[in-house]
Structures are given as C-alpha cells and as structure tokens.
Amino acid sequence: MIKLTGITKSFGRNQVLKGIDLHVNKGEVVVILGPSGSGKTTLLRCINYLERPSDGQIVIGDSIVDCKRAGKQDILQLRRKSAMVFQQYNLFKHKTALENVMEGLVIVQKRPKEEARERSVQVLEKVGLGSKLDAYPSELSGGQQQRVGIARALALEPEVILFDEPTSALDPELVGEVLEVIRKIAKEGITMIVVTHEMGFARDVSNHVVFMDGGVIVEEGTPQEIFSSPKEERTKQFLKRITPEWSYTI
Amino acid sequence: MKLDVSFLLDVFPLLLSALPTTLLITAVSVSVGFVIGVVIASIRIYRVPYLYPIAVSYVTFIRGTPMLTHLFLIYFGLPLLVDGLASFAGLSFRAASIPLIWFAFISFSIMAGAYMSEVVRSGLLAVNRGQTEAAYAIGMNTWQALRRIVFPQAFATSLPILSNSVIGMLHGSTLAFTVSVVDINAKAQIVATTNWKFFEAYIAAAIIFWGLTIAIERITGHIEKRINRYNRGGVA
Ligand SMILES: Nc1ncnc2c1ncn2[C@@H]1O[C@H](COP(=O)(O)OP(=O)(O)OP(=O)(O)O)[C@@H](O)[C@H]1O
Ligand SMILES: [Mg+2]
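Note that the coordinates shown come from a computational prediction; the quantities given were computed from them, not determined experimentally. (Residues numbered from 1 in each chain as written. Chains lettered and ligands numbered in written order. Predicted model: local features only at pLDDT ≥ 70, side-chain atom pairs only at ≥ 80, totals over all residues. Heavy atoms only, no water.)

In terms of helices and strands, chain B carries nine helices and zero strands. Along chain B, helices and strands appear, N-terminal first, in the series α-α-α-α-α-α-α-α-α. Burial statistics for chain B: of 236 residues in total, 44% are counted as buried. When contacts within chain B are restricted to residue pairs at least 6 apart in sequence, those whose partners lie at least 24 apart make up 79%. Surface summary for chain B: the accessible area is close to 12,400 Å², and the carbon and sulfur share equals 70%. Positive and negative side-chain charges in chain B, numbering 16 and 9 respectively, have mean positions lying 12 Å apart. (Helix = DSSP H or I, 4+ residues; strand = E, 2+ residues; numbered from the N terminus. Buried < 20%, exposed > 50% of the residue type's maximum accessible area, 1.4 Å probe, protein only. Contact = heavy atoms within 4.5 Å. Areas by Shrake-Rupley, 256 points an atom, 1.4 Å probe, with all protein chains shown as cover. Lys, Arg positive; Asp, Glu negative; His and termini not counted. Charge placed at Lys NZ, Arg CZ, Asp CG, Glu CD.)

Rendered as structure tokens:
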C-alpha cells in the first residue's frame with residue numbers, strides 16, 4: 001500500500017506540487033494523466049526521493065517517512081521498496097541485460113549470485129528477452145531496452161513500480177511490445193503507478209485514474225468515471241484535446 | 001664525428017639496469033596520483049564543504065607551477081618539516097635518512113594527482129545523470145552507485161587521456177636525476193662521461209623510452225578495447 005499525504009515540492013519560488021494526497025492499494029494500477037508541466041514526473045520522482053519533497057508524508061508498506069525530517073536511512077528504505085521505469089530507459093550501459101537485472105539483487109538485496117542469476121533469467125524470459133541475456137544496451141532496440149528496464153524493476157519485487165511515460169521515447173511500432181509487457185505484469189497483481197499519454201492503455205489496464213493539472217489532483221476515479229463522465233471542466237478539456245476524434249467512433 | 005655503433009649496442013644493457021628505477025617512479029606516481037585524482041575530482045564534483053576550496057587551490061597551484069619546481073620544493077622543504085616535527089616529537093629520526101627516490105615519489109605523485117584529477121573529473125562529468133538516478137532507484141547508496149556504476153563508466157571514458165598521463169609521467173620521471181636519482185636518462189649521462197660518447201648514450205636512452213611508450217600505448221589500447229566492449233553497438 002502507498003499513501004501520500006500533503007506532498008508539496010518547490011523549485012526555488014516555483015511551487016510545482018501543491019499538496020498531493022494519493023492512496024494506492026496493493027495490486028492496484030493507478031494511471032496519472034495531465035498536461036505537460038502539471039507535475040506528474042515530479043510527483044513520481046518524489047515518491048522514491050529522486051526529488052526531495054518540500055513537505056508531506058510518504059508511506060510505502062511499513063515505511064513511514066516524514067519529508068521534513070527524512071534521513072539517509074529513510075530515503076534508502078523508500079527506494080528499496082519501490083522501483084522505477086524511466087522514459088529514457090537508463091539501463092546501466094556498461095552492463096549486459098542480465099547484469100542490469102542482477103545488479104540490484106546482488107548489490108542491494110545481497111542475494112547469492114546463483115539465485116540472483118536464476119531469478120534474473122526468469123524475469124527476462126517473462127518480458128520476452130530470454131535470447132538477449134548477454135546483449136549490451138547499445139545492442140538492443142528501444143523497445144527491448146525498455147523491457148530490460150521493466151525486468152530490472154520487476155526482479156526486485158518492490159511494493160510498487162513507478163513508470164514515467166515508459167513508451168514516449170519509443171518509435172511508434174515499438175510501443176505495442178512494451179505496453180503488452182506492462183499489461184501482463186499488471187494482471188499479476190503488481191502495484192503500479194503509471195504516468196502515460198496512452199489513453200487506450202490507461203482505460204484497459206488501470207483500476208484508478210488520476211488527473212493532475214497545475215500541481216494538484218483535479219479529479220480522480222475509476223477509468224469509467226474519468227473517461228466517460230468527467231466532472232471537472234479541466235478534465236473534459238484535456239481529454240478532448242488528447243483523444244483523437246476517431247477513437248470515439250470505433 | 002662518427003657514430004660508434006658498437007658502443008651504442010654495448011650501452012643498452014647498462015641503461016637497462018636503471019629501467020626498474022624509471023618504471024618504479026612512473027608506477028608509483030601514476031598509481032598514487034590516480035588515487036589522489038579520484039578523491040580530488042569527487043570532492044570537486046560533489047562540492048564537499050571545507051575540502052572543496054582546498055581541492056581547487058591544490059589543482060590550480062600544481063598546474064600553475066613547473067614539475068621541476070615541485071621537486072625542489074619537496075627536496076628542500078620536506079626535510080625542514082620532517083626534522084622540525086621529529087625534534088618536536090622528541091624522535092631521533094632525521095630527514096637525511098630518507099632515500100632520495102622518495103622525494104621523487106612524493107613530488108611526482110602530488111603533481112600527477114592534480115593533473116589526473118582533471119582527467120577523472122571530465123570522465124565523471126561525462127557519465128549521464130540518468131545512470132546515477134537508475135542506481136539510486138534500485139536502492140543503491142551513494143558509495144555503491146559510485147563504485148558499481150559511475151566510476152567504471154568514467155574510467156572507460158578517461159582511459160585514452162589517462163594513458164597520456166602515464167606517458168607524461170614516464171618522460172617526466174627523468175627529472176629525478178636533479179635530486180641524484182639514477183634513472184635511464186641519468187644512467188646514459190654517467191655511462192658517457194667515461195668516453196664522451198654522449199650522443200650514442202642518449203640515442204640508446206631515447207630508443208628505450210620510445211619502446212616503453214609504445215608498450216604503454218599497446219597495453220592501454222588493449223584494456224580500452226576490452227572495457228569499451230559495451231559501446232560497440234549502433235543504437236544509443
Ligand atoms: N529540476 C527542476 N528544476 C526546476 N524546475 C523543474 C525541475 N524539474 C521540473 N521542474 C518544473 O516543474 C514543473 C513540472 O514538471 P514535470 O516534469 O513534473 O511535469 P510533467 O507533468 O511530468 O510534464 P510532461 O508531461 O511534459 O513530462 C515544470 O514547470 C518544470 O519546469
Ligand atoms: Mg514528465
């Protein structure tokens with residue numbers, strides 16, 4: 001379970017998050033939507049402290065962190081209970097696909113090498129890369145790299161996986177294979193928070209949709225509620241802008 | 001004047017007897033310098049309070065003064081310091097008992113540290129921020145992220161320039177003769193004083209240095225190829 005309470009974040013004088021409350025149950029897939037600059041990335045990065053929130057409280061599982069008083073150990077705890085899939089993949093470029101996945105298991109979780117290897121191979125097979133274990137990131141396509149990124153997160157068995165626009169750096173023809181993998185692991189009951197502009201995906205896969213604008217949550221609800229009967233004017237406008245006409249006619 | 005080829009050939013084994021000294025000075029100053037360089041570069045990049053200005057002054061001072069001057073500063077300054085400290089602490093140790101080669105080790109290491117810190121720093125800066133973030137995101141602490149992710153990539157990027165530093169130190173080690181350490185070059189001079197065939201002796205020295213330089217280039221080229229295996233693909 002993840003619970004955010006009153007998260008705020010300012011960069012200098014620019015307050016980017018203005019008090020975010022969010023509750024995510026175990027096994028839930030939450031999609032965050034919102035226009036560019038609304039603070040979606042910043043919110044995700046605050047959850048694992050890649051950005052230090054100015055104020056608020058973060059709870060992941062049994063770790064409770066008060067942002068004003070967070071120490072090194074608190075931050076490490078949050079990071080070890082979460083994992084992140086980046087827009088730019090950020091695979092360790094001097095390590096093979098297998099080594100990328102093993103790294104966290106061996107170095108952070110201190111698991112024996114053999115066990116870590118077995119688990120990593122298993123996860124890479126799950127994302128369809130069983131034949132690319134020894135490939136370096138530079139030898140993989142964007143879609144393959146992102147699937148390694150997902151495997152790296154998944155292998156750690158975190159309480160939550162954070163996805164920041166996992167497909168928006170990909171060529172259109174590679175988006176499908178990555179979404180397919182995310183769909184598959186969503187079905188296995190992994191808790192996920194996903195920032196995405198893929199509306200079809202958001203509609204099919206999520207249990208809960210959050211619409212952000214200007215650093216606040218404007219509206220949230222089931223995909224049905226948000227996509228079919230949004231209440232707030234800003235949500236309606238956003239959906240109208242982002243959803244191509246033809247998708248209504250299908 | 002005629003070149004005495006047979007003397008030239010005879011001189012090689014004599015000069016090679018000083019090879020260990022040359023290699024030792026180079027190896028010590030490069031290794032100690034590398035460690036200093038990594039520490040200084042990290043202090044500067046992470047802007048460690050209090051140490052940061054010291055690191056910056058160190059680098060600008062060393063890079064702003066000649067290598068020979070450092071050697072003399074250490075040669076004349078260190079004994080004063082050591083003797084002062086020893087008598088203050090009531091020890092009978094005197095600087096006169098420090099082997100001369102140590103002055104070369106110390107001053108060249110300090111110098112190599114300053115130059116190499118710049119090389120290491122540019123290597124560290126070349127590592128993409130996303131690499132560190134990914135390391136933190138999987139739960140690594142700062143030290144783990146540096147050791148496992150940042151340093152290896154920085155090292156791979158810096159290797160060609162580091163190889164230049166090693167070559168620079170090899171050639172620079174000849175200055176040690178000014179504090180009476182007999183390296184290959186000094187040996188050439190000593191050997192030649194008996195018959196005044198300086199030219200032959202220095203040709204031999206030059207050939208040895210040239211060979212060593214080529215060897216260094218080969219070795220680092222080989223290491224480079226091995227650790228840069230990950231860069232060979234086409235897509236970024
Ligand atoms: N490191 C930073 N320093 C200063 N300002 C920042 C920083 N990171 C983000 N911002 C600002 O915070 C605001 C929110 O940015 P954020 O990246 O969270 O938006 P987003 O919702 O993810 O947008 P997009 O859909 O374009 O990815 C923007 O105005 C941005 O300029
Ligand atoms: Mg973003």
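This is not the end of the story, as more comes after the structure.
With that out of the way, let us pick up the domain arrangement of chain B. Residues and elements named next belong to chain B. Each domain of chain B was delimited in the assignment, giving domain 1 (1–18 + 182–236) and domain 2 (21–177). Computed over C-alpha atoms, the centres of domain 1 and domain 2 are 25 Å apart. Each partner contributes to the interface: domain 1 provides 17 residues, whereas domain 2 provides 16 residues. Summing the contributions of domain 1 and of domain 2, the shared interface buries around 1,400 Å²; its carbon and sulfur component is 71%. There are zero salt bridges connecting domain 1 and domain 2. Where domain 1 packs against domain 2, one counts four residue pairs in polar contact (both at pLDDT 80 or more). (Domains from an automatic or database assignment. Buried area = accessible area lost by both parts, 1.4 Å probe. Salt bridge = Lys/Arg side-chain N within 4 Å of Asp/Glu carboxyl O. Polar contact = N/O pair within 3.5 Å; in protein donor to acceptor, adjacent residues only side chain to side chain.)

The strands that make up a sheet are held in pairs by hydrogen bonds between backbone atoms, and each pair lies either parallel or antiparallel. Residue and element names in this part refer to chain A. Pairing within the open sheet is antiparallel, and its four strands lie in the order S2-S1-S4-S5. Because the sheet does not close on itself, it has two edges, and the strands there are strand S2 (14–24) and strand S5 (63–66). Adjacent strand axes in the sheet meet at a mean angle of 15° when their direction is disregarded. Docked against the sheet, helix H2 (residues 72–81) engages strand S4 (55–60) and S5, running at close to 130° with respect to S5. (Pairing = 2+ DSSP bridges. Axes fitted to C-alpha atoms, helices over the stretch in contact; angles between N-to-C directions.)

Attention now moves to the sheet that holds strand S7 (residues 160–164) of chain A. Residue and element names in this part refer to chain A. If you walk across this open sheet you meet the six strands as S6-S7-S8-S3-S9-S10, and the pairing is mixed. Each edge of the open sheet is held by one strand with a lone partner, namely strand S6 (82–85) and strand S10 (216–221). Each adjacent strand pair in this sheet contributes to an overall mean axis angle of 20°, direction not counted. In this sheet, S10 lies alongside strand S9 (residues 208–213) in antiparallel orientation, the contact comprising five bridges. Its bridge partner lying in S10, Val209 is registered against Gly221.

Contacts between chain A and chain B engage 28 residues on the former and 24 residues on the latter. Here chain A packs against chain B, burying approximately 2,400 Å² in sum over the two surfaces, 55% of which is carbon and sulfur. Applying the counting rule to chain A against chain B returns two salt bridges. For the salt bridge of Glu103 of chain A with Arg148 of chain B, the shortest nitrogen-to-oxygen distance reads 2.6 Å.

Our focus in this paragraph is the packing of helix H2 (residues 19–45) of chain B against helix H5 (residues 101–125) of chain B. Residue and element names in this part refer to chain B. Running from amino to carboxyl end, H2 crosses H5 at an angle of 45°, the nearest separation of the two axes being 5 Å. Judged by the angle between their axes, H2 and H5 are oblique. The hand of the H2/H5 crossing is right-handed. Taken together, the residues that form the contact of H2 with H5 break down as 20 nonpolar, eight polar and three charged. (Parallel < 35°, antiparallel > 145°, perpendicular 65-115°, else oblique. Left-handed = near helix turned anticlockwise from the far one by under 90°. Nonpolar A, V, L, I, M, F, W, Y, C, P; charged D, E, K, R; others polar.)

Our next topic: the packing of helix H1 (residues 5–16) of chain B against helix H9 (residues 198–227) of chain B. Residue and element names in this part refer to chain B. Between H1 and H9, the least distance of the axes is 9 Å, while the angle of their chain directions is 55°. Put simply, H1 runs oblique to H9. For the crossing formed where H1 meets H9, the hand is right-handed. Contacts between H1 and H9 involve Phe7, Leu8, Val11, Phe12, Leu15 and Leu16 from the first element and Glu200, Ala201, Ile203, Ala204, Ala205, Ile207 and Ile208 from the second. Taken together, the residues of the contact of H1 with H9 break down into twelve nonpolar, no polar and one charged.

Let us now look at the pairing of S6 of chain A. Residues and elements named next belong to chain A. The alternating pattern of S6 places Ser82 and Met84 and Ala83 and Val85 on opposite faces, both of which are buried. With four bridges joining them, S6 and S7 adopt parallel strand pairing. Considered in S7, the bridge of Ala83 is made with Ile161.

This part covers the environment of Ser10 of chain A. Residue and element names in this part refer to chain A. Tracing the sequence through the fold places Ser10 in strand S1 (residues 2–11). For Ser10, a relative accessible area of 26% gives the class partly exposed. Ser10 sits 43 residues away from Pro53 along the chain, and the two C-alpha atoms are 7.8 Å apart. Look past the residues within four positions of Ser10 in its chain and what remains in contact with it is Gln15, Val16 and Ser54.

Bringing H5 of chain B into the picture now. An α-helix turns once per 3.6 residues; consequently, residues spaced three or four apart project the same way. Across its 25 residues, H5 of chain B extends 35 Å between first and last C-alpha, which sits within 8% of the 36 Å expected from 1.5 Å per residue. Taking the largest bend as the criterion, H5 of chain B deviates by roughly 25°, centred on Met116 of chain B. (Expected span 1.5 Å × (residues − 1). Bend = angle between axes of the 7 residues up to and from the residue.)

Our focus in this paragraph is the site of ligand 1. Residues and elements named next belong to chain A. In the vicinity of ligand 1, the residues found are Phe11, Val16, Pro35, Ser36, Gly37, Ser38, Gly39, Lys40, Thr41, Thr42, Glu165 and His197. For ligand 1, an oxygen atom lies 3.0 Å from a polar atom in the backbone of Gly39. Within the side chain of Thr42, an N or O atom sits 2.5 Å from an oxygen atom of ligand 1. Its free accessible area being 630 Å², ligand 1 has 59% of it covered by the protein chains. Of the residues forming the shell around ligand 1, the biggest block, three residues, is contributed by helix H1 (residues 40–47). (Near = heavy atom within 4 Å.)

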